Amino acid sequence: MRTDQNYDVIVVGGGHAGCEAASAAARLGCSVLLVTQNPSALARMSCNPAIGGLAKGHLVREMDALGGLMGRVTDRSAIQSRMLNRSKGPAVWSPRAQCDRRRYTEVMTAMIAATPGLEMAAGEAVRLILDGDRAAGIVTRAGEEYRGRRVILAGGTFWNGLIHIGEWSRPAGRIHEEPAVGLSDHLAALGLRRLRLKTGTPPRLDGRTIDFSRTDRQDSDPEPVWFSHPPPEERLPQVPCWLTSTNACTHEILRGGLDRSPLYTGRIQGIGPRYCPSIEDKIVRFTDKERHQLFLEPEGLDTDEYYINGFATSLPEDVQIAALRTVPGLEQVVVNRPGYAVEYDMFPADQLRPSLECRALEHLYLAGQVNGTSGYEEAAAQGFMAGVNAARSLHGRDPVVLGRNQAYIGVLMDDLITKVPEEPYRMFTSRAEFRLLLRQDNARQRLLDVAREIALQPDAEIQAVEASLQRQAQIRQVLERERVRVEDQCLPLAKYLRRPEVSLQGEAAYNLVSAELQTLVRWDPEAAFQAELEIKYDGYLTRQEANVEALRRLEALKLPESFDYARLKALSAEARQVLQQRKPATLGQASRIPGVRASDVTIIMVHLRRG
Ligand SMILES: Cc1cc2nc3c(=O)[nH]c(=O)nc-3n(C[C@H](O)[C@H](O)[C@H](O)COP(=O)(O)OP(=O)(O)OC[C@H]3O[C@@H](n4cnc5c(N)ncnc54)[C@H](O)[C@@H]3O)c2cc1C
């Protein structure tokens, strides 16, 4: 057994969370070891090879603004990119990219390999090395011992992973990949609470056997939609996705297989995501729906494989094939790989501090799907924050904790540590109270101060954002000043822009404004867009700002971990119990824990004021 291997930070798991964590900590000057079962599978996309989409696109833009990798990797492997929800308000516009699955892993691997201070080792961590109640390293199944001053665990769906297809089950983290066994039991034996969750994936199809003429085509947006700044100079060739749907015949076959379904025969114990049901779940829950839409999405440029979005299933393989062959375009389809469900262990994140450090075991951080989330973006965002905060703790600096008023990442982390998950947690725009402020288009500008604090962005990028903010202010002044002639009336431009159908980027309005403003809009369309939105939504934004202020006041009231809630008899019994268990960091956080009432918050506030 070697014992000379000492690192600042050890990251276990080379998935989306682990890669971001390892990269962030190394770029912040730490010596980092990334230990993962299969180094050829870095940031492998277990399910759909797509990044972004509603609310998830916001997370990626925010990570990019702070110096994360996901946006850059996505832009270099995207084969179809679109801005979703353009027909709705800009608060819910969201970028999404279909990626080349193989290339995504290759680009991430190249970035990890090029990071100074970051080493990789193949192996499976089975337990922690402890120094009292502090994590001090890991031991692998092969008996290799690595010591680290901080340890980040990002094991995804692999901990005691068990996959199911019909009546067949097998221990696995993903299909054809070994589970990670030992570490989860070790953490549970150390007293951490764990739960069992479940997720699922659709079959993969041979595109040469699909009749695309019987489906509807969906193309990329004509203009590239980028996640990263600055974006790459070119995008990869763009390819279409195809739309089709199930029908009564499909549903009948699926229903006929329910008595062999692991979901409906009770073999799956883990809780799955309600918002992302399997196809068998859909036909059972929505009996009145005659069809369910399906998207045929290419897996890459150099493969004929297609992912069938909307058809996640763990029914027996013969039922999957028979049902698929009733779908228009899939009459002759060959299934390369069946859909399956996976059950895995997770550790509720209410056991963590807002920095993602474990309260019971210091120097140990947990990130990604093991904290009860689902999705690459949610995992990557946590990994990034865990990597940053582990490095900051080594440098003797306070953790960076984003607020709900600052970022979707803040909403995600706050929800995780204040609520016990009832199902895998996925980000939605509806989870963000301040979504008009937290838009995908303004991520760089609104997170500028945090990016300065984290210090992962190059100076040039910080200066570019500062300059863009100056131009935005300049454009706003011109917008407030100008008047335009519309329908024989001379209107302030700002008033005209408040009409929902009018946009400065649209030809009609653009042609009405002064040459000075046209030049500014052409020079920096992004700054012009943001200045215009500020004017359009002035009233709403001001109201949200007022609510943000109220939240800020609650967040400013810090609650020490030593606070003894049991002694505060005026609190309701339920509040006393959950607060004593969760130890929220601020009064704001305390107020969002289920079971804590407004009256409990007032009691704590009065107590704090009394000193
Ligand atoms: C079948 C399936 C279906 C899914 N469906 C969806 C979906 O529809 N929508 C969605 O948003 N998300 C879906 N996901 C989830 C998505 O894949 C995850 O959210 C995301 O990959 C989590 O990232 P992560 O970094 O936390 O973990 P992962 O990407 O799972 O990576 C974990 C990594 O850690 C390694 N590892 C684990 N334990 C150890 C150990 N002890 N020692 C060393 N290495 C270890 C693993 O080998 C793996 O490389 C699905 C996942 C699966 C498996």
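Parameters and conventions
- Residues numbered from 1 in each chain as written.
- Predicted model: local features only at pLDDT ≥ 70, side-chain atom pairs only at ≥ 80, totals over all residues.
- Pairing = 2+ DSSP bridges.
- Helix = DSSP H or I, 4+ residues; strand = E, 2+ residues; numbered from the N terminus.
- Axes fitted to C-alpha atoms, helices over the stretch in contact; angles between N-to-C directions.
- Domains from an automatic or database assignment.
- Contact = placed C-beta atoms within 7 Å.
- Buried ≥ 20, exposed ≤ 12 C-beta atoms within 10 Å, placed from the backbone.
- Arc of directions from axis to C-beta.
- Near = placed C-beta within 6 Å.
- Nonpolar A, V, L, I, M, F, W, Y, C, P; charged D, E, K, R; others polar.
- Core = buried A, V, L, I, M, F, W, Y, C linked by C-beta atoms within 7 Å.
- Expected span 1.5 Å × (residues − 1).
- Parallel < 35°, antiparallel > 145°, perpendicular 65-115°, else oblique.
- Left-handed = near helix turned anticlockwise from the far one by under 90°.

### A closer look at the sheet that holds strand β13 (residues 204–206)
Then, number 1: Taken together, the 6 strands give an open sheet; going across it, the order is β14-β15-β16-β17-β13-β18, and neighbouring strands pair in antiparallel fashion. Looking at strand neighbours, the two that pair on one side only are β14 (216–218) and β18 (335–337), the edges of this open sheet. Strand after strand, the sheet turns through a mean of 35° between neighbouring axes, direction not considered.
Then, number 2: When β14 meets strand β15 (residues 241–245), the two strands line up antiparallel, connected through 3 bridges. Along β15, the bridge assignment pairs R217 with W242.

### Considerations on the domain arrangement of the chain
Then, number 1: Under the domain assignment, the chain is made up of domain 1 (1–45 + 102–200 + 344–397), domain 2 (50–99 + 427–455), domain 3 (204–338), domain 4 (458–540) and domain 5 (557–609).
Then, number 2: The interface is formed by 16 residues belonging to domain 1 together with 14 residues belonging to domain 2.
Then, number 3: Going through the elements one at a time, α1 (16–27), α4 (101–113) and α9 (376–394) are the ones with two or more residues in the side of domain 1 that touches domain 2.
Then, number 4: Considering each element in turn, the side of domain 1 that touches domain 2 owes the most residues, 7 residues, to α9.

### Details of helix α16 (residues 515–523)
Then, number 1: Those residues of α16 that fall on the buried side of the exposure criterion are L517, L520 and V521. One side of α16 carries all its buried residues, which in axial view fall inside an arc of 100°. The outward face of α16, more than 90 degrees from its buried face, is lined by the exposed residues A515, T519, R522 and W523.
Then, number 2: Next to the buried residues of α16 lie α13 (459–481), α15 (507–512) and α17 (525–536).

### So, the site of the ligand
Then, number 1: Looking at the ligand, there are 37 residues lining it, with G13, G15, G156, G368 and G375 nearest.
Then, number 2: For the shell around the ligand, the secondary structure elements donating two or more residues are α1, β2 (32–36), β12 (195–201) and α9.
Then, number 3: Here the shell around the ligand is composed, by residue class, of 14 nonpolar, 21 polar and 2 charged.

### Some remarks on the nonpolar core
Inside soluble globular proteins, nonpolar side chains tend to come together where they are buried.
Then, number 1: Counting 109 residues, the largest nonpolar core has A21, A25, V32 and I152 as its most contacted members.
Then, number 2: For this core, the element with the highest residue contribution is α9, accounting for 10 residues.
Then, number 3: Leaving out residues up to four positions away in the same chain, A25 has contacts with V9, C30, V32, G387, A390 and A391.
Then, number 4: Core analysis: the next-biggest nonpolar cluster, separate from the first, contains 23 residues, L205, I210, L254 and V333 among them.

### A few points about the pairing of strand β8 (residues 134–140)
Then, number 1: Two elements, strand β7 (residues 125–131) and β8, share 6 bridges in a ladder whose sense is antiparallel. The partner of L130 across the bridge, within β8, is A135.
Then, number 2: Where β7 folds back on β8, the antiparallel hairpin that results is connected by 2 residues, among which G132 adopts a positive phi of roughly 65°.
Then, number 3: One ladder, built from 3 bridges, connects β8 with strand β9 (residues 145–153); its direction is antiparallel. Within β9, the residue paired with I138 across the bridge is Y146.

### Some remarks on helix α18 (residues 538–556)
Then, number 1: The end-to-end C-alpha distance of α18, which contains 19 residues, comes to 26 Å, matching closely the 27 Å that a straight helix rising 1.5 Å per residue would cover.
Then, number 2: A small share of α18 lies buried, amounting to 1 of its 19 residues.

### Focus on the packing of α9 against helix α10 (residues 408–418)
Pairs of packed helices are described in terms of their axes, by the angle between the two and the distance that separates them.
Then, number 1: Relative to each other, α9 and α10 sit at 90°, their axes nearing to 10 Å. Viewed along their axes, α9 and α10 adopt a mutual orientation that is roughly perpendicular. From α9, E378, A381 and M385 reach across to α10, where they touch I409, L412 and M413.
Then, number 2: Residue composition of the contact of α9 with α10, by class: 5 nonpolar, no polar and 1 charged.

### Considering the packing of α1 against α4
Then, number 1: Interaxial distance between α1 and α4 falls to 10 Å at its minimum, and their mutual angle equals 25°. Our classification of the angle between α1 and α4 gives roughly parallel. In this structure, α1 crosses over α4, and the sense of that crossing is left-handed. Counting all contacts with α1, which are made through C19, A22 and S23, the residues of α4 involved are M108, M111 and I112.
Then, number 2: Residue composition of the contact of α1 with α4, grouped by class: 5 nonpolar, 1 polar and no charged.

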